[in-house]
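Chains, contacts and geometry: an overview
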There are 4 protein chains.
Amino acid sequence: MNTFGQLLRLTTFGESHGPAIGGVLDGMPSGLKIDFDAVSAMMARRRPNSSAASTSRREADEPEFLSGIFNGVTTGTPIAFVIKNTDMRSADYSAISQAFRPCHADYTYEVKYGPHRDYRGGGRASARETAVRVVAGALAMQALRSYGVEVSAHVGSIGPLGADRKNEWAGFIERVRSAGDTVGGTVECEITGLPAGVGEPLFGKLQACLAAAMMSIPAAKGFEYGMGFEGSTMLGSEAMDRFNSDFTTATNHSGGIQGGISNGMPVTMRVAFKPVATLMRELPTVDREGRPVTIPPRGRHDVCVVPRAVPVVEAMAALVALDAILLNRSTRL
Amino acid sequence: MNTFGQLLRLTTFGESHGPAIGGVLDGMPSGLKIDFDAVSAMMARRRPNSSAASTSRREADEPEFLSGIFNGVTTGTPIAFVIKNTDMRSADYSAISQAFRPCHADYTYEVKYGPHRDYRGGGRASARETAVRVVAGALAMQALRSYGVEVSAHVGSIGPLGADRKNEWAGFIERVRSAGDTVGGTVECEITGLPAGVGEPLFGKLQACLAAAMMSIPAAKGFEYGMGFEGSTMLGSEAMDRFNSDFTTATNHSGGIQGGISNGMPVTMRVAFKPVATLMRELPTVDREGRPVTIPPRGRHDVCVVPRAVPVVEAMAALVALDAILLNRSTRL
Amino acid sequence: MNTFGQLLRLTTFGESHGPAIGGVLDGMPSGLKIDFDAVSAMMARRRPNSSAASTSRREADEPEFLSGIFNGVTTGTPIAFVIKNTDMRSADYSAISQAFRPCHADYTYEVKYGPHRDYRGGGRASARETAVRVVAGALAMQALRSYGVEVSAHVGSIGPLGADRKNEWAGFIERVRSAGDTVGGTVECEITGLPAGVGEPLFGKLQACLAAAMMSIPAAKGFEYGMGFEGSTMLGSEAMDRFNSDFTTATNHSGGIQGGISNGMPVTMRVAFKPVATLMRELPTVDREGRPVTIPPRGRHDVCVVPRAVPVVEAMAALVALDAILLNRSTRL
Amino acid sequence: MNTFGQLLRLTTFGESHGPAIGGVLDGMPSGLKIDFDAVSAMMARRRPNSSAASTSRREADEPEFLSGIFNGVTTGTPIAFVIKNTDMRSADYSAISQAFRPCHADYTYEVKYGPHRDYRGGGRASARETAVRVVAGALAMQALRSYGVEVSAHVGSIGPLGADRKNEWAGFIERVRSAGDTVGGTVECEITGLPAGVGEPLFGKLQACLAAAMMSIPAAKGFEYGMGFEGSTMLGSEAMDRFNSDFTTATNHSGGIQGGISNGMPVTMRVAFKPVATLMRELPTVDREGRPVTIPPRGRHDVCVVPRAVPVVEAMAALVALDAILLNRSTRL
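Read on for a plain summary of the structure. The structure displayed is predicted, hence computed values, not measured ones.

**Things to note about the relation of the copies chain A and chain D**
Copy one and copy two of the chain differ by a rotation about a common axis and a shift along it. Mapping chain A onto chain D leaves a residual RMSD of 0.0 Å; the transformation is a rotation of 180° accompanied by 0.0 Å of translation along its axis. Each copy turns onto its partner about a two-fold axis. The fraction of interface residues of chain A whose copies in chain D are also interface residues reaches 100%, indicating that both copies meet through the same surface.

Now the structure itself:
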């Protein structure tokens, strides 16, 4: 289940502390001239940096493309790429080989796979795998742009502070860091330029695919589109989007989708991320036998992953949108 | 894209006003003795009734099983079933054949499929298709029960009124009805008894599958699990679930899932539903040429679909949980 | 695994002696005006008749369409259809409920599914399920025709008698019938009008999809395309297809496919069918405990299924060809 | 469509003259201790060598494993591996960038994907991609062995010379080489130790999956199992496999499969390969405008690929068998 998509399929691989992570993007149409600088720029937005919110781990996130691109243009064959893991301080993780960190996948992987899991740095469950999504998403965004479709996300809130208190975010994050704590937030995303008619009915509804995409991102706890949860509190008369004579709508409570199919308005969505579970404090937990142990505050982790999640959300939205556009080509005789 | 699931696959078909709707449930393990009364009971919970919240359409929702069950026991072959559409007042819908109802799929289906869509009663996009999900879900729930897994949902809120104001719900719905309006709400769902280790990493995460399942339900606008959107406002130290010595956790902010894999705690989730877009009022909209028209307040519709959505949410959760259990059988050598 | 295809997906259901068999054809493009008489005509070619080669079972093979067609035109939603089992003489099969017929699926189904299998008339493994394939294939052939693609099959040999001894077939079959025996044969199939460029590389090669399609037909034992097995005996210089200046080839040893992709020449293939395993003789076999038993010569069976397999081969080829055409639409930017 | 399998899924990538080829094997159960020497040994059997039948290209076919294996044991996460292309003499192929070699995929790729194809050495359509299948198959064979299942193939015929004239093969190949020609042949494969009950009905029949697997191998022209095409010439009384009291059968015309499901007898099959289309002669063909051109006898190619196809056939059979075993785990409640 490491493959995502129907016609545009991303298969990913790799553990946080293995030799490399990477992916195979199959189904990318032929004829797209790749802007490698744009890929790097999107990767840079995900990369941890010196800002207050981020880990100090240096990741050499430059993907090496192995196939599917000839003379800078996609050929229609699978695009494979590898990102080497160059900053692997395995020694950091020896302490957790015998203990289960709370709110991590250590315990669930061990129950599922047995004692053979790669415990170093979260292994396969590490958020490092999102780098692969961003590479693939950067390619998808370029294809979308050639169709006039743009995907754009931004931070919607940090902890309890919404966009109206955006100027308080940096100070808040700094206080959380000082306390050795972490904090969550939300990311808002919009797909514009998507023509009406894209998305498949029933189980292939655009919102179902987007929800699956977003909820597969580590730390995501909720997804909503259009008016979202707030819509559950509204009256039908309030939530109504009236048609204009050009079939746009006067409002966009619907979030650009009706019956799972795009209606030509911007597709809007919001994703909630929990605070990272690794605190810069000693953490009481249990070992493999259930005995109480304490995990020291090691490793390099984000105080708040939300800013780095922005390009990941864009990447997943782009993969869904491009896949849906391709699927829609088989709709009519 | 009318098929849902990996090893347990539900394929559905049918339009609101065609001869029948139905489904094929493929991959149900052999050896399950079916309790047909329990199927009927679950169908009855979805069926519109005389309560204030429901439409007055009478639906003969008894499924006729055509295959896959021999002497009352599943054989492992596909279970097909058909639900006849017996109360089809097609005349009701002639007015909308040339107009696009606001916040419905009329326009998007026409753009996608061309002029050949079945415009009667929403056609394929009608919420009537959820009856098929409930039949399949009722079978999945029986299989789950044989493994000790229970799925249970209930209304979480009606409009702005949460569970703490539950006694006001009926009165509120009655006032909305009197105003010719509709209202949304939320459904909460819990899967208990799911052993740890169920769910696939990355794109097959339990929460990703549940999100796709729930967001494929008509009128669903949002999905969250565990602490959900509220988690985005919390500190890591607040959101932490400490392990007990038996690997249960002292709290369940995580909602029973870590890294996409169940941890043995109850899996908790919440789904937001928008208010139904068909009001009992004249609705201004546009016709196929974009000219302003008014649609009369006809048809039979729910003031609030949320109570009827409860068994649909259970059904989708059950399909996901059973599929995940089956998938997990191939995890280890 | 009762679903076939990628974008055009046929899901089938039903046992030989249950209430009905049927299918759901999902992904058929919208806008195809259905010729129901052509469906019936193709069904009639598969139906057992009074000819020497066929069983005397009367099958009411008229499909009832339940969805996906509105005013005679496909809408793009799933096309479900049901074929009732009206001539079910269950009494005929009581003798075999406790014994395993040789060269049938009785034993393998019991090992796989446990004692819950529907033993009547082969249950799910009955060749009766091929009626469903023919209905779906008839629809696919109509869509193909609108693209200028034709699928056509015919009997290639009966037992050891090839096409050069075609006039001896009827007499040979009559002698086999008199002896209470059965005989196999081959079916040859050709897809013409398929444009170059259809088919996906690697695992989606046209020949791989066609092989899977044909080898899924009951009693099929072999598949070859183009020069087939004979090609294994040839020199490269003999097998070469030279290009003409219009990119047709002077010969067609390749069978219309290069690298899994159509080259514009006719796609040619051949399928081998074994003789039916139910003889009109007493058959020594074993019961569920492995004890020797004898099965009396009952049931209604074909002396030679090959003539009836012709429309089934056409149906499967048509499903593959249409699916490949739809898949090819996402190849280029 | 570069992914093969249901629960055990191999995704492959790479062109003949790009930086690397490789694959991602997803769904391999956790807990398998990998014998890397056995992988190398199987790769060596596929590698071109100094024997008369092979090309003189030196391929550095050692896979580098990037993920999914920790301390030599599979973890259940995707196993990615890369095989570098080290002996890329691109200059060899400049002549064919503007011409379509006869009986190659040059023309069909260009029609399908447009002018962006990687024309060097067949690009994606090169038989070099089979190295990836062998790596994955070698892992699958190790997992199968832990279940007592063995997969074994061998050359069945070279050109017109069957196994009874095996001692003439080397001389025949040498004469073909001297003539600048090539020759085809057949490979026979057997799966032993497969328990009864493995394989899915209808479209997931074991023989359908095996046929798709084999027909996806470059140069394969035909597939048969059990008595195969010869069975089409037989009488039912001749083809009958009588049960013994232990449910083995006295003969194995069926080839170990009934109704798509294994019956516990060896699964036997045969694959036909055409002669390689690249002769060591000048070849008349056409260029991209359809004008006659001559391609000089360059490149390094096999006189007969059949010996090198043996491990490829084993690999594909092993992938199918292991996948079927995993799928079968979800059959019963």
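**Thoughts on helix 3 (residues 130-146) of chain D**
Residue and element names in this part refer to chain D. Given a rise of 1.5 Å per residue, 17 residues ought to cover 24 Å, and the 24 Å separating the end C-alpha atoms of helix 3 matches this to within 8%. Most of helix 3 sits inside the fold, with 15 of its 17 residues counted as buried. G148 sits one or two residues past helix 3 and shows a positive phi near 85°.

**As for the interface of chain A and chain D**
Across the contact, 35 residues belong to chain A and 36 residues belong to chain D. When the two sides are added together, the surface that chain A and chain D hide from each other amounts to roughly 2,900 Å², 64% of it contributed by carbon and sulfur. When the buried area of chain A at its contact with chain D is split by residue, A:L66, A:F70 and A:H116 rank highest and sum to 22% of it. Where chain A meets chain D, there are zero salt bridges. Seen at the junction of chain A and chain D, the total is ten residue pairs in polar contact (both at pLDDT 80 or more). Elements with a contribution of two residues or more to the side of chain A that touches chain D: strand 2 (9-14), strand 3 (20-26), strand 6 (73-74), strand 7 (79-84) and helix 2 (106-113) of chain A. In the side of chain A that touches chain D, the residues fall into 15 nonpolar, 13 polar and seven charged.

**Some remarks on the interface of chain A and chain B**
Every contact between the two is made by 107 residues of chain A and, on the other side, 107 residues of chain B. Taking both sides of the interface into account, the surface hidden between chain A and chain B amounts to around 8,000 Å²; carbon and sulfur atoms contribute 67%. The three residues of chain A that bury the most area against chain B are A:K112, A:F203 and A:K221, which together make up 11% of that side's buried surface. Run the count over chain A and chain B and you get two salt bridges. A salt bridge links A:K112 to B:E200, with the shortest nitrogen-to-oxygen separation between them at 3.0 Å. On the surface where chain A and chain B come into contact, there are 33 residue pairs in polar contact (both at pLDDT 80 or more). Take the side of chain A that touches chain B: its biggest share by element is seven residues, from helix 2 of chain A. Across three bridges, strand 12 (residues 220-225) of chain A lies against strand 12 (residues 220-225) of chain B in antiparallel orientation.

**Let's talk about the pairing of strand 9 (residues 150-158) of chain D**
All names here are of chain D. Summarising the sheet, strand 9 and strand 11 (residues 185-192) pair through eight bridges and their orientation is antiparallel. Paired with V151 across the two strands is I191, which belongs to strand 11. Bridging between strand 9 and strand 10 (residues 161-162) involves two bridges; their strand directions are antiparallel. Pairing of S157 across the sheet is with G162, part of strand 10. Taking the residues between adjacent antiparallel strands as the criterion, strand 9 and strand 10 are bridged by two residues, where G159 takes a positive phi near 55°.

**Quick word on the relation of the copies chain A and chain B**
After a rotation of 180° and a shift along the axis of 0.0 Å, chain A superposes on chain B with an RMSD of 0.0 Å. Both copies share a contact surface, since 100% of the interface residues of chain A are interface residues in chain B too.

**Observations concerning the pattern of salt bridges**
A full pass over the atoms with the stated rule returns 77 salt bridges over all chains. A salt bridge links B:R291 to B:D287, with the shortest nitrogen-to-oxygen separation between them at 3.0 Å. The buried category is assigned to B:D287, whose relative accessible area is 9%. A network of salt bridges, in which partner residues are shared, links A:R46, A:D61 and A:R128.

**A closer look at the sheet that holds strand 11 (residues 185-192) of chain A**
Taken in spatial order, the ten strands line up as 10(A)-9(A)-11(A)-15(A)-12(A)-12(B)-15(B)-11(B)-9(B)-10(B) in an open sheet, and their pairing is antiparallel. At either margin of the open sheet sits one strand with a lone partner, and together these are strand 10 (161-162) of chain A together with strand 10 (161-162) of chain B. Relative to strand 9 (residues 150-158) of chain A, helix 8 (residues 306-328) of chain A is tilted by about 145°, and along the sheet it contacts strand 9, strand 11 and strand 15 (267-273) of chain A.

What counts and what doesn't
Residues numbered from 1 in each chain as written. Chains lettered and ligands numbered in written order. Predicted model: local features only at pLDDT ≥ 70, side-chain atom pairs only at ≥ 80, totals over all residues. Heavy atoms only, no water. Least-squares fit on C-alpha atoms with pLDDT ≥ 70 in both. Contact = heavy atoms within 4.5 Å. Helix = DSSP H or I, 4+ residues; strand = E, 2+ residues; numbered from the N terminus. Expected span 1.5 Å × (residues − 1). Buried < 20%, exposed > 50% of the residue type's maximum accessible area, 1.4 Å probe, protein only. Buried area = accessible area lost by both parts, 1.4 Å probe. Salt bridge = Lys/Arg side-chain N within 4 Å of Asp/Glu carboxyl O. Polar contact = N/O pair within 3.5 Å; in protein donor to acceptor, adjacent residues only side chain to side chain. Nonpolar A, V, L, I, M, F, W, Y, C, P; charged D, E, K, R; others polar. Pairing = 2+ DSSP bridges. Axes fitted to C-alpha atoms, helices over the stretch in contact; angles between N-to-C directions.

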